[in-house]
Amino acid sequence: MNALRPKYNKPGTSPGLRALAVKDASAHLSVFDFLSGGFKEERDISLARCADFFASPNVTWVHVQGTADVATLRSLGEAYNLHPLAVEDVANLGQRPKVESFDRQLFVTLNWPRYDQRAAPTQVSLFLGATYVVSFCAGRDDPFEPIRDRIRTEPPGRIRERGAHFLFYALIDLVIDEGFPTLDRMSSELETLEELILADPSPACLERIHHIKRSLIVLRKSLWPQREVISTLLREEHSLIDPTTLPYLRDCHDHAVQVLDLIESYREMASSLQDLYLTGISNRMNEIMKVLTIMSSIFIPMSFLAGVYGMNFNGDVSPWNMPELRARYGYPIFLFALVIVGAGMVWFFRRRKWI
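Here we summarise the structure given alongside this text. (Residues numbered from 1 in each chain as written. Predicted model: local features only at pLDDT ≥ 70, side-chain atom pairs only at ≥ 80, totals over all residues. Heavy atoms only, no water.)

### Describing the environment of A256
Here A256 is to be found in helix α9 (residues 246-308). Exposure remark for A256: the relative accessible area of 6% places this residue in the buried category. Along the primary structure A256 and L85 are separated by 171 residues, whereas in three dimensions their C-alpha atoms are 27 Å apart. Residues contacting A256, with those up to four places away along its chain left out, are I176 and R227. (Helix = DSSP H or I, 4+ residues; strand = E, 2+ residues; numbered from the N terminus. Buried < 20%, exposed > 50% of the residue type's maximum accessible area, 1.4 Å probe, protein only. Contact = heavy atoms within 4.5 Å.)

Following this line, the structure appears as structure tokens:
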């Protein structure tokens, strides 16, 4: 759950980056500057070089991958006129997905769903201006390489032809759609667990089910607000979003709803697997108790007979004291009687279909 726990400044401090301390900064900046006629790409550039692209007449996409320190965030915010409160949300990871409208600028926070044995959503922040998009993604892995491939494609596709607002949509759509392969991996793991539970339920299966259920809860909490983000973009009029992009945002909203439906379905499946595990353990215990009960039932009359003839009353004192002890074949007859009693019990159980 720590991936969803936002970091806060101390209550009462001034808003913005002044009271914020970012540790282990490892940000890498890249820029795509493009129009329908061509593009220019630069990787691992400096802040000064990144700021130079703000005056470009083309569409500029600045991406910051990793954890940026206060100086980087402040300099980039000043270069592209990013609102300081939004920049603070970029630095304070764990934000709830939301959309905010500022003066000639849109700000969106999303959660990129990631799963490797457990859910670890990564915060993605996007700024949309008239001719630029500034994106931030925490962590090492860059989710936006497929978008770069689309920009590089010749002849130019929709992104290079339609401008910054369509690039803004494409980035949102990629983050939303990443939920499908993530949930596919979880579905495959649930199917494997189902086979293991049916074959041999073990405590390791129950532990894995618990981790999956917890991951689904994390994903639900992190992805549920993203549907409202898309709804807000569709419901409110924004001068920065061209009406031709709205149908694509509606399709994105549909995908967000589908992802949430899958999460609910897999949560029910995980709960069913937990019930299946408990049922399997209960059935296994019932089989064990059944075998033990049958064995005990067979040996109870034998134990009774052995107990009676093990009292060793002296037959010389009275003819009523164990007269069978003097019989020549008393011991073989006693063993034969035990075998007959045991076989009779087994026959009775089989006839009643208890075994």
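That was the structure; now back to the text.
### A few points about the pairing of strand β1 (residues 28-35)
Regular strands show a simple pattern: their side chains alternate between the two faces of the sheet. Within β1, six of the eight residues are buried, leaving the element largely enclosed by the surrounding structure. Relative to strand β3 (residues 59-65), β1 runs antiparallel, the two sharing seven bridges. Each bridged residue has a counterpart across the sheet, and for V31 the counterpart in β3 is V62. When β1 meets strand β2 (residues 38-43), the two strands line up antiparallel, connected through six bridges. Across the sheet, residue V31 finds its bridge partner in β2, namely E42. In sequence, β1 turns back onto β2 through a hairpin of two residues. (Pairing = 2+ DSSP bridges.)

### Here we look at empty space enclosed by the protein
A complete count under the given rule lists one cavity of 30 Å³ or more for this structure. Volume-wise, the largest cavity comes out at about 50 Å³. Around the largest cavity, the lining residues are P113, V175, I176, G179, L223, Q226, A256, V259 and L260. Here the lining of the largest cavity takes three residues from α9, the largest share from any one element. Of the residues assigned to the lining of the largest cavity, the class counts are seven nonpolar, two polar and no charged. (1 Å grid on protein atoms, 1.4 Å probe; cavity = no way out; pocket = protein on both sides within 12 Å on 5 of 7 lines; lining within 4 Å. Points joined across faces, edges and corners; volume = space filled by probe spheres on them. Nonpolar A, V, L, I, M, F, W, Y, C, P; charged D, E, K, R; others polar.)

### Thoughts on unusual backbone geometry
Of note, D44 is a non-glycine position whose phi angle comes to about 50 degrees, a positive value. By the secondary structure assignment, D44 is in the loop between β2 and α1 (47-52). A positive phi is found at R104, a non-glycine position, where the angle reads about 55 degrees. Positionally, R104 belongs in the loop between β4 (98-102) and β5 (105-112).

### Focus on a nonpolar patch on the surface
Residues M285, I288, M289, V291, L292, M295 and F299 make up a contiguous nonpolar surface patch of about 660 Å² in total accessible area. Looking at the secondary structure, you find M285 in helix α9. (Patch = residues over 30% accessible without salt bridge, like charges linked within 9 Å, V, L, I, M, F, W, Y side chains within 5 Å. Areas by Shrake-Rupley, 256 points an atom, 1.4 Å probe, with all protein chains shown as cover. Salt bridge = Lys/Arg side-chain N within 4 Å of Asp/Glu carboxyl O.)

### Some details on the side chain of T232
If you trace the backbone, T232 turns up in helix α8 (residues 203-235). Residue class for T232 comes out buried when judged on its relative accessible area of 13%. Among residues more than four places away in sequence, those in contact with T232 are V99 and H238.

### Let's talk about the sheet that holds β3
Pairing is mixed across the open sheet formed by seven strands, whose spatial order is β2-β1-β3-β7-β6-β5-β4. Strands at the two margins of the open sheet, each flanked by one partner only, are β2 and β4. On average, each strand axis in the sheet is inclined to that of its neighbour by 15 degrees, with strand direction left out of account. Across seven bridges, β5 lies against strand β6 (residues 122-128) in antiparallel orientation. Within β6, the residue paired with L110 across the bridge is V124. Across the sheet, helix α2 (residues 70-79) touches β1, β3 and β7 (132-137), and the angle it forms with β7 is around 165 degrees. (Axes fitted to C-alpha atoms, helices over the stretch in contact; angles between N-to-C directions.)

### Considerations on the nonpolar core
Generally speaking, soluble globular proteins have nonpolar side chains that are buried together. Membership of the largest hydrophobic core comes to 37 residues, with the highest contact counts inside it found for W61, I147, L167 and I172. For this core, the element with the highest residue contribution is helix α6 (residues 164-177), accounting for 11 residues. I147 has contacts with W61, I159, L167, A170, L171 and L174, leaving out every residue within four places of it along the chain. Grouped together as the second largest cluster of nonpolar side chains are 22 residues, L82, A86, V87 and V90 included. (Core = buried A, V, L, I, M, F, W, Y, C linked by side-chain atoms within 4.5 Å.)

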